[in-house]
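Survey of secondary and tertiary structure
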Amino acid sequence: MRGFSSPLLVAGLALTALVLGAQPFPSQAMVVVAVLLLITARFCLIRLGMTQSRATALALMLPLLLAWACWWGQPRPGPLEPVRLLASAGSFDRSSRLPLRSSLEGRLLSDSRLLGASEFGADSCRALLAVNRINGLPRHGRSEVQLRPCPQLLQQGWRIRVHGQLRAPALGPHSLLPGPAERLQQQGSWSQFWGDQVEVLQRPWTPIADARRQVAMRLQQLAGPRSGGLLAALVLGRAQVDLPLDLVKAFRVAGLSHALAASGFHLSVLLGASLGIARLLPRSFRLTFAATALISFLMLAGPQPSVVRAVLMGGTVLLINEGGGRSRPLGVLLATLVLMLLVNPAWARSIGFQLSAAATAGLVVTAGPLEQALSNRLPTWLRGLAPALAVPLAAIVWTLPLQIVHFGSTPVYALLANLLAAPLLALLTLSAMALVWLCLLLPAGLLTPLLNWISWPIQQLAGLLIALVRWICTWPMAQLFTGHPQPWLVLLLVLGLLPWLVTGLRHWRHWGVVALLVCSLSQAVVQMGDGLVVVHQRSRQWLLARHRGRAVLISTHGDGRSCWQARRLSEAFGHARLDWAMVLDPVASEAASCWRNLAHTVLAEHQGVMPLQVGQRLVSPGLEVRPIAAAEQSLQLRAGRLRWHLLPTRQAYWSWRDRQGLDDVERQPLVKSEGLTGVWLGFVPTSLERRWLVEHTAGRLWVSGRASGSFSMVASAF
């Protein structure tokens, strides 16, 4: 336990208890976690020289913190939530039923955002609503309102009445493909209200929301949706600004996502500039100047977890330093995180909170020793780069497990991208903040000519940064798709990295190498194995076949929504681009470019490519699909050692069944006789059809139901 003190260990254990308590673990697992945490804490505290009675008392506090986070941090609908009115299976109230058409009243918690046609329909928008009444009866909770058509862009703080229908949001078709239900659950909502009429009841004064809207609008009008949106995001954060999705993805692939998320980097630039301006003023004026900067940043960016953490840490360190003391960054970080999770344990599940906390821990714990190590090992003429390399490298390595868990990928050139973009980011952030203050303080008549005069160089810098990010995205293997490993592999990755990141654990580094090798080899075996993933969502179905790191896909529909979901599926399983894709939909769509970007070869009838004929095959190494002779619309798919019959329609099933000639002749089960792994049906069979299949197939039978769901199987690579 060298290198640790009792207060730091206690704070770290308290943070661990709060984080674990907020996770959706089963109750039995939570009890096991509490016992293990209690035993581990008592043992470690005694090893640090604490008396047994005191160590036991402190250790007993951890299960209480775990219970606190479990009770207040787990998402669950309240008794007056709108979802309680829905008649559905499960624990919700079955006795309360809504009429086909209802009215809902409440206050908007966000501005409405336009949606793409593939999500809800053309000319539609959505916004989160704090519900007050449904059909005139009091209700308390949240619901997402989706309007079609969207008559006007609704603004945060307005009180509205919507007419339409209350619905339960759709679940994601696969655990790696979250849907509206999972997205809304993170926002404390369990229902959607599909409306077609809206009345604005009240438009109260909302100065903070108006200021954010004014800043984003003026910057985008000045520099365009991309450069202006980037400038606005550097101050307000991506959560407050609508950015083009391709721009957001480009920053993520380049490893610069933190530039678009309001966090400690932006606050450090703002606070450093404020203190630099006020350095000659008396202490009270300096503190006032800095406090104004902190509060304005919090108000403009909003109380996001990463922003709250940055403001609390910045304010604490500032007060300690201005008071003549010496702050301990790790202690300040742990105290800040514990305080935040005590107030709102649900923040522990926020990706922004996790990434912000991990990156800051990397800067506090690892950046200093890493900078020293680089200075000692780099050539003399490169030693000046040691600080510029140590800071992003520490943050990248500390956030690596989280990126793999949440995104199944990691940017390969993140270190180089941060090194190249750092000067531009710092200069652009300062410039954007200056523009924001001008937008807020100057009248429109004076502001427009002034901005036209001073904004040209800032626009060029923003365009240069966007061009740099897009250029990095074109580099070979700019993004490494690892797939989503099992939780035990992620834990092994963390244990393998810790001895290299924490100086006090350096004597465990040889075991860390072993853990990293085992983790890498285990995930490689999974990625190189044979596998079949079947996903269905209402009438749409996708089959992803995998073999030795390659993958192919068959989709029953060819519209834009199907292609978007197919891309999500392939990337979730670690495949940047597919060998080939087959689209069974003959109906024309406008998604041809999407499918071409997804796969090297696309076989789609609606794109003018004739379907496979008997004797033809669509092949890549270890992956093959071919029509079954004398069985109309039936296909046989091979993925390494896996062989599946695909029957997308009932007509294909009848044709395949008739081909077997099993009505009067007794034979071996089809799967055994033909060496098949199983049979996939793209429709819901009747009871007679199901009975026939059970009697005549000995392999796995997958039936695509009417709801969302998935099925997967994997064969080892060896």
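The text that follows walks through the structure, step by step, so that each part is easy to find. As the structure is a computational prediction, the values presented were derived from the model and not from experiment.

Concerning the pattern of salt bridges
Going through the model one piece at a time under the given rule, you end up with 20 salt bridges. In this structure, the salt-bridge partner of Asp-579 is Arg-550, at a minimum N-O distance of 2.7 Å. One end of the pair, Asp-579, is in strand E12 (residues 578–583); the other, Arg-550, is in strand E11 (residues 550–555), and 29 residues separate them in sequence. Of the residues examined, Arg-550 reaches a relative accessible area of 35% and is grouped as partly exposed. Several salt bridges converge on common partners, so that one network encompasses Glu-105, Arg-159, Arg-161 and Glu-199.

Some remarks on helix H17 (residues 509–528)
Quick reminder: α-helices carry 3.6 residues per turn. Residues three or four places apart thus point the same way. Its 20 residues place the ends of H17 28 Å apart at the C-alpha level, agreeing with the 28 Å of an ideal helix rising 1.5 Å per residue. Residues of H17 that are buried: Gly-512, Ala-515, Cys-519, Gln-523 and Gln-527. For H17, the angular spread of buried residues about the axis comes to 100°, placing them on one side. Facing away from the buried side of H17 by over 90 degrees, the exposed positions are Trp-511, Leu-517 and Leu-521.

A few points about the packing of helix H13 (residues 386–407) against helix H14 (residues 414–441)
In contact at an axis separation of 9 Å, H13 and H14 are set at 135° when each is read in the N-to-C sense. On the basis of their axis angle, the class for H13 and H14 is oblique. The two elements H13 and H14 meet at a crossing, and its hand is right-handed. Where H13 approaches H14, its residues Ala-388, Leu-389, Pro-392, Leu-393 and Ile-396 are matched on the opposing element by Ala-414, Leu-415, Asn-418 and Leu-419. Among the residues making up the contact of H13 with H14, the classes are represented as eight nonpolar, one polar and no charged.

Examining helix H7 (residues 264–277)
Over its 14 residues, H7 extends 20 Å from the first C-alpha to the last, a length consistent with the 20 Å expected when each residue adds 1.5 Å. Along H7, the positions that sit buried rather than exposed are His-266, Leu-267, Val-269, Leu-270, Leu-271 and Ser-274. Tucked into the core, H7 has its buried residues touching helix H5 (207–236), helix H8 (283–301), helix H9 (305–322) and H14.

A short note on the state of the cysteines
If you walk through the whole model with that rule in mind, you get two disulfides. Linked covalently through their sulfurs, Cys-125 and Cys-150 form a disulfide whose S-S length is 2.0 Å. Torsion about the S-S bond of the Cys-125 and Cys-150 cystine: about 80°, corresponding to right-handed handedness. Placement of Cys-125 in strand E3 (residues 125–134) and of Cys-150 in the loop between strand E4 (137–147) and strand E5 (159–167) is noted, with a sequence separation of 25 residues between them. Across the pair, exposure class does not vary: Cys-125 and Cys-150 are buried alike.

About the criteria used
- Residues numbered from 1 in each chain as written.
- Predicted model: local features only at pLDDT ≥ 70, side-chain atom pairs only at ≥ 80, totals over all residues.
- Heavy atoms only, no water.
- Salt bridge = Lys/Arg side-chain N within 4 Å of Asp/Glu carboxyl O.
- Helix = DSSP H or I, 4+ residues; strand = E, 2+ residues; numbered from the N terminus.
- Buried < 20%, exposed > 50% of the residue type's maximum accessible area, 1.4 Å probe, protein only.
- Expected span 1.5 Å × (residues − 1).
- Arc of directions from axis to C-beta.
- Axes fitted to C-alpha atoms, helices over the stretch in contact; angles between N-to-C directions.
- Parallel < 35°, antiparallel > 145°, perpendicular 65-115°, else oblique.
- Left-handed = near helix turned anticlockwise from the far one by under 90°.
- Contact = heavy atoms within 4.5 Å.
- Nonpolar A, V, L, I, M, F, W, Y, C, P; charged D, E, K, R; others polar.
- Disulfide = S-S within 2.5 Å.

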